[in-house]
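Single-letter residue listing:
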Amino acid sequence: MNPVELARPEIRALQPYSSARMEADTGSIWLNANESPWPPLAPDSPWNRYPDPQPAPLLEALAELYGVRREQLLVGRGSDEGIDLMVRAFCAAGRDAILVSPPTFGMYALCARVQGAGIVEAPLRRDFALDAEAVLAAVTPAVKLVFLCAPNNPAGAGVPRAAILRLAEALAGRALLVVDEAYAEFADPDPAGVSVAGDLDRHANLVVLRTLSKAWGLAGARIGALLADARLVALLRKLMPPYPLPSPSVQAALRVLTGQDRQAMRERVRIVRAERTRLAAGLAQSRCVRKVLPSQANFLCVRFHDAAAAGAALLAAGVVVRDVRRYPMLGDALRISIGTPAENDRVLEVLQVLPPVTQPVESAPRGEVHA
Ligand SMILES: *Cc1c(COP(=O)(O)O)cnc(C)c1O
């Protein structure tokens, strides 16, 4: 199946913007884009020129990293842009819908709301595992996109590869399966590989989102990748603004993806994984903690006897954590990112002296959840 056949007809017929940088990147005198002919005054930065929309060196580095072909890769401003592009391309307002499994990342539903698309829910199981049967039972003809966060944010549970691939198979011809692998680098090694990126050629309806924002430490650069069927990548390019990737961000990404930085990143992931185990064990010893949920990501989702008091005590010590009490099944939980060993020590110091209950539980703040 060509996955593009499920897209909005008006998007398929769209004539894409042709950028000056695409029309001519030959020649040496560039007078076609109303740019300043002088570089800015900062040294070594030719930022007077519009950037390449999809720089070849970055595509090559990311294609090699994720094990896909260049034409299966779309680089965007974080994986957030990939989510938004997918919803805009596939979901007509008032007609189509996405499916999510709460509790999960809030951007899927937010983008759907902005687009005027429906949101169908098939909740995770009580142990935060994916309920594939519930997903399939909930899919209606309106559902074009099924979002799966693997490992999941905010609970932290992993999703077995086999379950993801079975779901892709079952949805073939009906809906696309968008697998958000923002935290894949932190998951336990799997002999078959953690990512399903290698399965794109067998499943035309599979889409994978990766990002440099987490393990690669580049959240400020806003570089993410969408991996999919080459025809789908070409379709989404039509929706992107003409110059989506800022040159300084591309340079930052290329720096970390090559040479020594790559080795340093792997060492940092090793430290985060070791600290995750240590912090989980320490928290489990704290009287104020009810349960530490198992995590395959760079955070721990922690149930407290009094989450409001725990959050307040941490804040008083200067430690900011994420209040996730607004999510279903997590009404007593905080999400704590794994910091440096010293930062994690601070968390343990504060919480180890906290009694189980110190004050009445406050109501959780309301609103859309982003990260
Ligand atoms: C942090 C996060 C992202 C990353 O977003 P970027 O736009 O790439 O920074 C994507 N998905 C999930 C589930 C996340 O937690």
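Procedures and definitions
Residues numbered from 1 in each chain as written. Predicted model: local features only at pLDDT ≥ 70, side-chain atom pairs only at ≥ 80, totals over all residues. Heavy atoms only, no water. Domains from an automatic or database assignment. Contact = heavy atoms within 4.5 Å. Buried area = accessible area lost by both parts, 1.4 Å probe. Salt bridge = Lys/Arg side-chain N within 4 Å of Asp/Glu carboxyl O. Near = heavy atom within 4 Å. Polar contact = N/O pair within 3.5 Å; in protein donor to acceptor, adjacent residues only side chain to side chain. Areas by Shrake-Rupley, 256 points an atom, 1.4 Å probe, with all protein chains shown as cover. 1 Å grid on protein atoms, 1.4 Å probe; cavity = no way out; pocket = protein on both sides within 12 Å on 5 of 7 lines; lining within 4 Å. Sits in = over half its atoms within 2 Å of the grid points. Buried < 20%, exposed > 50% of the residue type's maximum accessible area, 1.4 Å probe, protein only. Helix = DSSP H or I, 4+ residues; strand = E, 2+ residues; numbered from the N terminus. Pairing = 2+ DSSP bridges. Right-handed = clockwise from strand over helix to strand, strands pointing away. Axes fitted to C-alpha atoms, helices over the stretch in contact; angles between N-to-C directions. Points joined across faces, edges and corners; volume = space filled by probe spheres on them. Nonpolar A, V, L, I, M, F, W, Y, C, P; charged D, E, K, R; others polar. Core = buried A, V, L, I, M, F, W, Y, C linked by side-chain atoms within 4.5 Å.

Things to note about the domain arrangement of the chain
Step number 1: Taken domain by domain, the chain consists of domain 1 (3-258) and domain 2 (262-352).
Step number 2: The C-alpha-based centres of domain 1 and domain 2 are spaced at 28 Å.
Step number 3: Taken residue by residue, the interface counts 28 residues in domain 1 and 21 residues in domain 2.
Step number 4: Summed over both sides, the interface between domain 1 and domain 2 buries roughly 2100 Å², with carbon and sulfur atoms accounting for 61% of that surface.
Step number 5: Connecting domain 1 to domain 2 are three salt bridges.

Some thoughts on the site of the ligand
Step number 1: Taken together, 14 residues lie near the ligand, and Ser 79, Asp 180, Tyr 183, Thr 211 and Lys 214 sit nearest.
Step number 2: In this structure, Ser 79 approaches the ligand through a main-chain N or O atom, which is 2.6 Å from an oxygen atom.
Step number 3: In the model, a nitrogen atom of the ligand is placed 2.6 Å from a nitrogen or oxygen of the Asp 180 side chain.
Step number 4: Calculation on the ligand without its partners gives an accessible area of 390 Å², and the protein chains cover 96% of this total.
Step number 5: Comparing atom positions with the cavity grids shows the ligand to sit within the largest pocket.

Considering the pairing of strand S2 (residues 97-100)
Step number 1: By the alternation rule, side chains of S2 split into Ala 97 and Leu 99 and Ile 98 and Val 100, which are all buried.
Step number 2: Both S2 and strand S3 (residues 118-121) contribute to a ladder of four bridges, which runs parallel. Paired with Ile 98 across the two strands is Ile 119, which belongs to S3.
Step number 3: For the crossover from S2 across helix H5 (residues 107-115) to S3, the handedness is right-handed.

Re the sheet that holds S2
Sheet strands pair by backbone hydrogen bonding; their relative direction is either parallel or antiparallel.
Step number 1: If you walk across this open sheet you meet the seven strands as S1-S7-S6-S5-S4-S2-S3, and the pairing is mixed. Each end of this open sheet is capped by a strand with a single partner; those strands are strand S1 (73-76) and S3. Averaged over neighbouring strand pairs, the angle between their axes works out to 25° when direction is ignored.
Step number 2: Inspection of the sheet shows S1 paired to strand S7 (residues 224-227) by four bridges, in the antiparallel sense. Its bridge partner lying in S7, Val 75 is registered against Ala 225.

A few points about the environment of Ser 295
Step number 1: Its place among the elements puts Ser 295 in the loop between strand S8 (289-292) and strand S9 (299-304).
Step number 2: Along the backbone, Ser 295 and Ala 157 are 138 residues apart, and their C-alpha atoms lie at a distance of 5.4 Å.
Step number 3: Ignoring sequence-local partners within four residues, the contact set of Ser 295 consists of Gly 156, Arg 276 and Leu 300.
Step number 4: In this structure the side chain of Ser 295 is engaged in a polar contact, spanning 2.6 Å, whose partner is the backbone oxygen of Phe 299.

Considering the sheet that holds S9
Step number 1: Read from one edge of the open sheet, four strands run S8-S9-S11-S10, paired in antiparallel fashion. Strands with a single pairing partner mark the edges of an open sheet, and in this sheet they are S8 and strand S10 (322-323).
Step number 2: Pairing between S10 and strand S11 (residues 333-337): two bridges, direction antiparallel. Each residue of the ladder has a partner; that of Arg 322, found in S11, is Arg 335.
Step number 3: Strand contacts of helix H10 (residues 260-284): S8, S9 and S11, with the helix running at about 10° to S9, the strand carrying the most contacts.

What about empty space enclosed by the protein?
Step number 1: Under the counting rule described, the total for this entry stands at three cavities of 30 Å³ or more.
Step number 2: Leu 124, Leu 148, Cys 149, Asn 152 and Val 159 are, among the 13 residues lining the largest cavity, the residues nearest its centre.
Step number 3: Taken together, the residues of the lining of the largest cavity sort by class into nine nonpolar, four polar and no charged.

Remarks on the nonpolar core
Step number 1: The biggest cluster of nonpolar side chains holds 80 residues, and the ones touching the most others in it are Leu 73, Leu 177, Leu 283, Phe 304 and Leu 351.
Step number 2: A domain split of this core shows at least three residues from each of domain 1 (3-258) and domain 2 (262-352).
Step number 3: Among residues more than four places away in sequence, those in contact with Phe 304 are Cys 288, Val 289, Arg 290, Ala 310, Asp 332, Leu 334, Ile 336 and Leu 351.
Step number 4: Ranked by size, the runner-up nonpolar core spans 35 residues in total, among them Ala 89, Leu 145, Val 233 and Leu 239.

Here's the deal with the pattern of salt bridges
Step number 1: Considering all chains together, one arrives at 26 salt bridges under this definition.
Step number 2: Of the charged contacts, one joins Asp 199 and Arg 161 as a salt bridge, the two residues approaching to 3.2 Å between their closest N and O atoms. You can see Asp 199 sitting in the loop between strand S5 (176-180) and strand S6 (206-211) and its partner Arg 161 sitting in helix H7 (residues 161-171), a full 38 residues away along the chain. Judged on exposure class, the residue Asp 199 and its partner Arg 161 are both buried.
Step number 3: Between Glu 349 and Arg 346 there is a salt bridge, and its shortest N-O distance comes to 2.7 Å. Remark: Arg 346 and Glu 349 occur in helix H12 (residues 341-352); sequence separation between them is three residues, near one turn of the helix.
Step number 4: Using a relative accessible area of 36% as the deciding quantity, one classes Arg 346 as partly exposed.

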